[in-house]
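# A look at the structure
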Amino acid sequence: ASAAGAESLARPSVLAVHAVGAVLLLGVHPLRVEPLAWASAMPYELSTLLALAASLCHLWHRSAARPADGAFRPRPLGPWRLAGAALTLLACNAKAAALGLAPALLLFDCLVVWESLPHGRFVGRSLRFLRAVPFLALDAFPLLVAALAAAWPAFTASKGPDPECRSDFGWWQRCLRACYMVVLYLVQQVWPKDLCVLHAMPAQDITSSSWRFGGAALILVALVATATRAGARSVFTLVAYVALLSPTLGIVTDHIAETAADRYCHIAAMVLLAPALSGALAIAMPRPGPLAAGAVLAVVALEASSVRSLVQVWAQPSAVIARAVQMSPRYYRTRYILGMDLLNSGRASEAESQLRSSLELCPRFSNSFFGLTQALFNLKRTAEASDAMRAGVRHNPSNFFGQLNLGMLLQQQGRHGEAMGFLTTAVALEPSDPDAPRALQAVKKALANKKPPASTTAPAAARPTTTQKPTPKPTTIGTPKPATIGSSASGRSGSQPYLSIVAASRNDGYAGRLEERLVAHVALLYHQLLQHCFGDVEIVLVEWNPPLEKPGLKALVEDGLKRGRHGVSDSACGWKSEEDRPAVRLVTVSAGVHKTLQDEGWLGQAPMAEYFAKNLGIRRSTGRFVLVTNPDVVFSPGLLGFLARRGLQKDAFYSASLRFDAQWPERPSIPDDYLRELMGRATNDTHLQGTEYEKTVGHRPEAYQPAMDSFGQTCTKGDDGKGRIQGGYWDFQAGDFMLAARKQWLDVLACCGPGAPLHALQGRPEAAFGSATAAPGSLGHIRRWRRRRNRGRSDID
């Protein structure tokens, strides 16, 4: 500033004008709307007020501790020091986000000491500063004690919301997210765009190659370089700003699940940015006149107009929730909140879609199971409601309300035998609750008044829920030999499995490293089934024409099962025996069977008959639904979550798109780590550049807009049979994933492979069902095809 400007800056009245302008510009800013408009955010206001008072006490203490001779003398028991420490403790107790105040005030003390040292060489000045650090620590001792006293309960009281859905952020992802928060809040101070109660992105989206996160890190590096050239005060301002934000950046703890939230920058803006902006205005306008005051007021008026429109939005909870979903479409909690809001407003069908999306994003979120159960119950789909609640109980068997709700739902359906078990568990969990004993007594009374049928030999819960025609036995080929591995062939204590997963292979080294691919397939599939408590599943692996010179697949399957059990326990699912786990069966088709089919002209010289083997597996399966896949495929967590919800439709065929991993597989020692790394590669298309898989990016259904427009939401919103693809069929569906009800598989026997006439395949278990392309990868994006019953074959609707 000029000499005249410096003279004007010395007048307190001029400084007051700059301070008022800075407070107006930041106080009437749109970023202040959320903590002022919502009662739940008012602790931020209280904490900010106490933090400002603590800062004033700190400044007064610093002035008193600096005598006329300029020498620094520690005064830890000074009245302003003790008052500031007490106010800091209160501010942190009002909101833990104020924990960054203590390091920011200590940085201010360091700046004061640094500027009081005589100028000279940097090394000598730094040594003198280091000698003063112990005295600074002694002087700030009450402040440090207050901060630690508030930090300990804040960091030990909770490990963050919804631990079952917590993203496992790596240290590099935490740093990138922190950089994004710091830069985002600074940008929004200048351009308040896309304001929202929260921004949340899944961990796999936080990468250095992203323009949001990688760009934010580069911007922060540029800011540090600029501040370093500008001087000590600029460095202090930037570092103090990061220190004030540090409790909300989620670098050290798991308290922060969001990527960002508007309210998180409130304390930093009012405690630090307001005086920093006041100083900037004093430098830019040393002698403020009417023109400068008018410019400031004009900006304040624009802010007030924006705030007025935002307040109108914030006053409508449904609008706020919808905006949160728009800003964070892949965050399970926003989907859940929107679903519950729709449910409370009587829009149960729309609520079902949102709650299913929430479960797809986090398959273990108990609240979503409760909400989905209520939505299905309101839609009078009681059987589906009980299935949804049963899935929730599997994930959290110690939840009293889950056990009670499921028992009462089964009671309403007349399934008293099943209901009694869940109600008994509910009574044991909460003996003082009156509803559970009352419902249990009613169930016992109903069972006592009901005479069992004379032909009944098993409880209702153990009988299959569908009736199937007996499978005709083959007449010209030998009988395959089934082998049970890991658990009972029936699974779930004798009841019919919900899902059968069929694959076929032989240990011939096909396509390279087949053993590693097979073990990884079994380990990751079995591990995720256990994680989702998806026990009513059977895995049927058909070993076709095993080569005599190599061992069979049994040892490889057992190795995969052993690796898949790592880190999971039956107690988390409430399983009492190994029979409750998913069943695994190995069906071996001998070389003699293969030779017979070759002699009859059905097979060529190839040693593997993939589709004959898969259709044999379909016939040997016992599940209500049958999924046909390949033993080098890895299912994504979202896909397994979709299947575990047990919401499949009986009149539909399901397929999925493929994502490829260009890296050779290994036998996973820790399935969670292996799957996370695999998903990180498979969801990043840059790994495919320059490989043979690069062209597959355009083969996904999400890359073909006509298919997305016709079928993109059939899994969540249903299918009315009217969907059409404009301009013809889309034929890049993945043969690695075909799923339908078992009856539908038996009905589409006319779907033949090349060279096999229809009359020769009728009634045979080895009938070919189509063609496929084997490839490793992780699957996602399920779509559904409805089978037209008035035609003799399956068509895409």
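Residues numbered from 1 in each chain as written. Predicted model: local features only at pLDDT ≥ 70, side-chain atom pairs only at ≥ 80, totals over all residues. Heavy atoms only, no water.

## Let's talk about the packing of aromatic side chains
Aromatic rings in a pair are described by how distant their centres are and how their planes are angled relative to each other. Tallying each qualifying case throughout the model produces 15 aromatic pairs. Their ring planes at 75 degrees and their centres at 5.9 Å tell us that Trp114 and Phe129 sit as a pair that is edge-to-face. Pair noted here: Trp114 is in helix α6 (residues 101-116) and Phe129 is in helix α7 (residues 122-139), with a separation of 15 residues, a long-range link. Given the relative accessible area of 18%, Trp114 is considered buried. Between Tyr332 and Phe365, the ring centres sit 5.0 Å apart and the planes meet at 75 degrees, which makes this aromatic pair edge-to-face. Residue Tyr332 is located in helix α15 (residues 332-344), and its partner Phe365 is located in the loop between α16 (348-361) and α17 (366-378); the two are separated by 33 residues in the primary sequence. Here the two residues Tyr332 and Phe365 agree in accessibility, since each one is buried. The rings of Tyr331, Tyr332, Tyr336 and Phe365 are connected pair by pair, giving a single aromatic cluster. (Phe/Tyr/Trp six-rings, centres within 6.5 Å; stacked < 30°, edge-to-face > 60°. Helix = DSSP H or I, 4+ residues; strand = E, 2+ residues; numbered from the N terminus. Buried < 20%, exposed > 50% of the residue type's maximum accessible area, 1.4 Å probe, protein only.)

## Points about the state of the cysteines
Scanning the model with the defined rule gives 0 disulfides in all. Not part of a disulfide, Cys175 finds its nearest cysteine sulfur in Cys179, a span of 6.8 Å. (Disulfide = S-S within 2.5 Å.)

## Section: the pattern of salt bridges
Counting across every chain of the model gives 24 salt bridges. Here Arg381 and Glu384 are joined by a salt bridge, their closest N and O atoms 2.9 Å apart. The class of Glu384 is partly exposed, set by a relative accessible area of 32%. Linking Arg646 and Asp536 is a salt bridge whose minimum nitrogen-to-oxygen distance equals 2.8 Å. Separated by 110 residues along the polypeptide, Arg646 in the loop between α26 (637-644) and β7 (652-659) and Asp536 in the loop between α22 (514-531) and β3 (537-544) bring together distant segments of the chain. The buried category is assigned to Arg646, whose relative accessible area is 11%. Here the residues in one salt-bridge network are Arg62, Arg81, Asp109 and Asp139, joined through shared partners. (Salt bridge = Lys/Arg side-chain N within 4 Å of Asp/Glu carboxyl O.)

## Description of the pairing of β3
Consecutive residues of a regular strand have side chains that alternate between opposite faces of the sheet. Within β3, 8 of the 8 residues are buried, which leaves it mostly tucked inside the rest of the structure. Of the pairings in the sheet, the one linking strand β2 (residues 499-505) to β3 comprises 7 bridges and is parallel in character. Residue Leu499 lies in a different strand from β3, and its bridge partner there is Val537. The sheet contact formed by β3 and strand β4 (residues 583-589) spans 7 bridges and is parallel. Looking across to β4, one finds that Val542 is bridged to Val587. In terms of handedness, the path from β3 via helix α23 (residues 554-564) over to β4 forms a crossover that is right-handed. (Pairing = 2+ DSSP bridges. Right-handed = clockwise from strand over helix to strand, strands pointing away.)

## Observations regarding the nonpolar core
Leu101, Tyr185, Val197, Tyr241, Leu244, Leu245 and Trp314 are the most contacted members of the largest nonpolar core, which has 106 residues in total. With 9 residues, helix α9 (residues 171-190) is the single largest residue contributor to this core. Beyond its immediate stretch of four places on either side in the chain, Tyr241 contacts Val182, Tyr185, Leu186, Ala268, Leu272 and Leu273. In terms of nonpolar packing, the next biggest core, distinct from the first, is built from 40 residues, Val557, Leu640, Tyr654 and Ala656 among them. (Core = buried A, V, L, I, M, F, W, Y, C linked by side-chain atoms within 4.5 Å. Contact = heavy atoms within 4.5 Å.)

## Some words on α16
Between its first and last C-alpha atoms α16 spans 20 Å; for 14 residues at 1.5 Å apiece the expected length is 20 Å, and the two agree. Within α16, 10 of the 14 residues are buried, which leaves the element mostly enclosed by the surrounding structure. Of all the residues in α16, the buried ones are Ala348, Ala351, Glu352, Ser353, Gln354, Leu355, Arg356, Ser357, Ser358 and Leu359. (Expected span 1.5 Å × (residues − 1).)

## Quick notes on the side chain of Ser210
Inspection of the secondary structure puts Ser210 in the loop between α9 and α10 (213-230). When near neighbours in sequence (up to four residues on either side) are disregarded, Ser210 contacts Asp205 and Gly215.

## What to know about the side chain of Asn399
Considering the arrangement of structural elements, one finds Asn399 in the loop between α18 (382-395) and α19 (400-412). Polar contacts involving the side chain of Asn399 include one to the main-chain amide nitrogen of Phe401, which spans 3.0 Å. Asn399 has contacts with Phe370 and Leu429, leaving out every residue within four places of it along the chain. (Polar contact = N/O pair within 3.5 Å; in protein donor to acceptor, adjacent residues only side chain to side chain.)

## A closer look at the packing of α22 against α23
Put simply, α22 and α23 touch, their axes get as near as 7 Å, and they point 40 degrees apart. If you check the angle between α22 and α23, you find them oblique. In terms of crossing hand, the pair formed by α22 and α23 is right-handed. On the side of α22, the interface is formed by Glu515, Leu518, Val519, Val522, Ala523, Tyr526, His527 and Leu530, while α23 contributes Leu556, Val557, Asp559, Gly560, Leu561, Arg563 and Gly564. Taken together, the residues of the contact of α22 with α23 sort by class into 9 nonpolar, 3 polar and 3 charged. (Axes fitted to C-alpha atoms, helices over the stretch in contact; angles between N-to-C directions. Parallel < 35°, antiparallel > 145°, perpendicular 65-115°, else oblique. Left-handed = near helix turned anticlockwise from the far one by under 90°. Nonpolar A, V, L, I, M, F, W, Y, C, P; charged D, E, K, R; others polar.)

## Quick look at the environment of Met608
With respect to the element layout, Met608 can be found in the loop between α24 (591-599) and α25 (610-620). Sequence-wise, Met608 and His594 are 14 residues apart; in three dimensions their C-alpha atoms are separated by 8.5 Å. Beyond its immediate sequence surroundings of up to four residues, Met608 is in contact with Ala504, Ser505, Arg506, Trp544, His594 and Ala613.

## So, the confidence of the model for the chain
In this model, the chain carries an average pLDDT of 77, and 81% of its residues clear a pLDDT of 70 or more. Predicted confidence for residues 1-10 stays below pLDDT 50, and this span has 9 contacts to residues more than four positions away or in other chains. Low pLDDT, under 50, characterises residues 451-481; the predicted model gives this stretch 37 contacts beyond four residues in sequence or across chains. (pLDDT = per-residue confidence, 0-100.)

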